[in-house]
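A look at the structure
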Amino acid sequence: MNEQAHRRPPKPYRRPKKDPVRILAFEALRAVDERDAYANLVLPPLLKKAREKDDFDARDAALATELVYGTLRRQGTYDAIISACIDRPLREVDPPVLDVLALGAHQLLGTRIPTHAAVSASVELARVVLGDGRARFVNAVLRKISKDDLDTWLERVAPPYEDDAEDHLAVVHSHPRWVVSALWDSLGGGRAGIEDLLEADNERPEVTLVARPGRSTTGELLDVLGEESGLPGRWSPYAVRLAEGGEPGAIEAVRDGRAGVQDEGSQLVAIALAGAPMEGPDERWLDGCAGPGGKAALLGALAAQRGASLLASEKQPHRARLVERALAGNPGPYQVIAADGTRPPWREGSFDRVLVDVPCTGLGALRRRPEARWRRRPEDLEGFAPLQRGLLREALKAVRVGGVVGYATCSPHLAETRVVVDDVLKGRGGEAVEAELVDARPLMPGVPALGEGPDVQLWPHLHGTDAMYLALLRRTA
């Protein structure tokens, strides 16, 4: 019999199965990579569009969210593992292929999805978005990854802690080495503290609401949410925490602006500035870097309770419009302007209280924006430095003698916090303004582990907040 007759007939071509959840997750990751987009801005419209289809439910949305955020948070770890499974440098693998591999690695090593399902679903995704040829490569790599669990892989790809502590932590906890080093310097202490912080950066943050005083109350929000969906805040008297899966947009007070979504650390910054002791008039407040408007809305509500007015200034016009939206309906007098805080239109000594929450690297919000850790570079600090010093210097000029300035950042990096304050107080690199530090710790009653003062650094692992920094300064001359 002829040899051809013994050959099996070729398998008929099977179209790949389209999985809407994994296709959506892939699209979100591509947007983050190609357009420098942020997942928290890209994902909601994708989910909204998908929900409009009958076959995409709340469980699908939850899985898609976990795949996107989990993959971004663990990208450094997964890159190291993928690199150990291929025969070329990682940079030579096409980015879309890497995204599919990382999604597969997260399903295998970071979720409870069964191994067979994780591999087969990822290969089907690869067939849809990459083609059959590259799908075979994805299949081979993921099968290698599936042979061991995460702990075993970390023992293999991470250098021992004793040989290189920072590189070990960078691989195990999925942060760039320079970020590990900077956070460790800011935190101080030994291994336990930095590991707790890095682990907290990789956890899903709670959604926290703020009940804007005079407009809504925590009691109102808790009544609407019920015991299963809402919890009081830990530290802020205006905070309510949402249980997992809670939807802020479903709450009427949030929709009409009487309440908002705001991290408890940001609330504490505004509350501390508003509560700083001061002699003399207390009539005019300024938020000098007001976009997108969360702190301005809380400050405006607090100012209204005392009969004070708020000027909210934001350099970027589109962000100034967001501030206007956040302040709409504020019970007291306020004004929103688009202005550069380093070249302000107001006269020196015009205000009693001033907040400048300055642009920064955002290393304190890596739980919410996990892609920022891979996007930022050490040289970014040099770009922000003149702006941060300029904004603080002008804020101190804007406040009257005896008035108080709050300097805030959503970064714990010392180059963006204490070094900036120290340089401005000592007149390094610019005109000196006479001012003294005010102890901010008593203005956050009940909050533990605030350090030696007089400034305050909040931490995700200690306080459950973003890593907000606050220094309060009183102008003395």
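As a reminder, the structure under discussion sits directly above these lines.
Residues numbered from 1 in each chain as written. Predicted model: local features only at pLDDT ≥ 70, side-chain atom pairs only at ≥ 80, totals over all residues. Heavy atoms only, no water.

Here we take up the packing of aromatic side chains. Applying the stated criterion to the full structure yields two aromatic pairs. When the centroid spacing of 5.9 Å and the interplanar angle of 85° are considered together, the rings of W346 and F351 count as edge-to-face. Above the face of the W153 ring, R156 is positioned so that its terminal group lies 4.4 Å from the ring centre. One Lys or Arg, R369, reaches over the ring of Y38 and ends 4.1 Å from the middle of that ring. (Phe/Tyr/Trp six-rings, centres within 6.5 Å; stacked < 30°, edge-to-face > 60°. Lys NZ or Arg CZ within 6 Å of the ring centre and 35° of its normal.)

The next point concerns the pairing of strand β5 (residues 284-287). In the sheet, β5 pairs with strand β6 (residues 309-314) via four bridges, with the strands oriented parallel. Bridging across to β6, R284 finds its partner in S309. Chirality of the crossover, the property in question, places the unit of β5, helix α16 (residues 294-305) and β6 among those that are right-handed. Direction of pairing for β5 relative to strand β8 (residues 351-357): parallel, over a ladder of three bridges. The residue bridging W285 from the neighbouring strand is R353, located in β8. (Pairing = 2+ DSSP bridges. Helix = DSSP H or I, 4+ residues; strand = E, 2+ residues; numbered from the N terminus. Right-handed = clockwise from strand over helix to strand, strands pointing away.)

Before going further, it helps to spend a moment on the nonpolar core. The biggest cluster of nonpolar side chains holds 56 residues, and the ones touching the most others in it are F56, V68, L109, V138 and I145. Tallying contributions element by element places helix α2 (residues 20-35) first for this core, with nine residues. In terms of nonpolar packing, the next biggest core, distinct from the first, is built from 40 residues, V210, L273, A312 and C360 among them. (Core = buried A, V, L, I, M, F, W, Y, C linked by side-chain atoms within 4.5 Å. Buried < 20%, exposed > 50% of the residue type's maximum accessible area, 1.4 Å probe, protein only.)

Take the side chain of N330 next. In this fold, N330 is placed in the loop between α17 (317-327) and β7 (334-338). When its relative accessible area of 10% is taken as the criterion, N330 is described as buried. Looking at N330, its side chain comes within polar contact range of the main-chain oxygen of G300, at 3.3 Å. Ignoring anything within four residues of it in the chain, the contact list for N330 reads R215, A297, G300, A301 and A304. (Polar contact = N/O pair within 3.5 Å; in protein donor to acceptor, adjacent residues only side chain to side chain. Contact = heavy atoms within 4.5 Å.)

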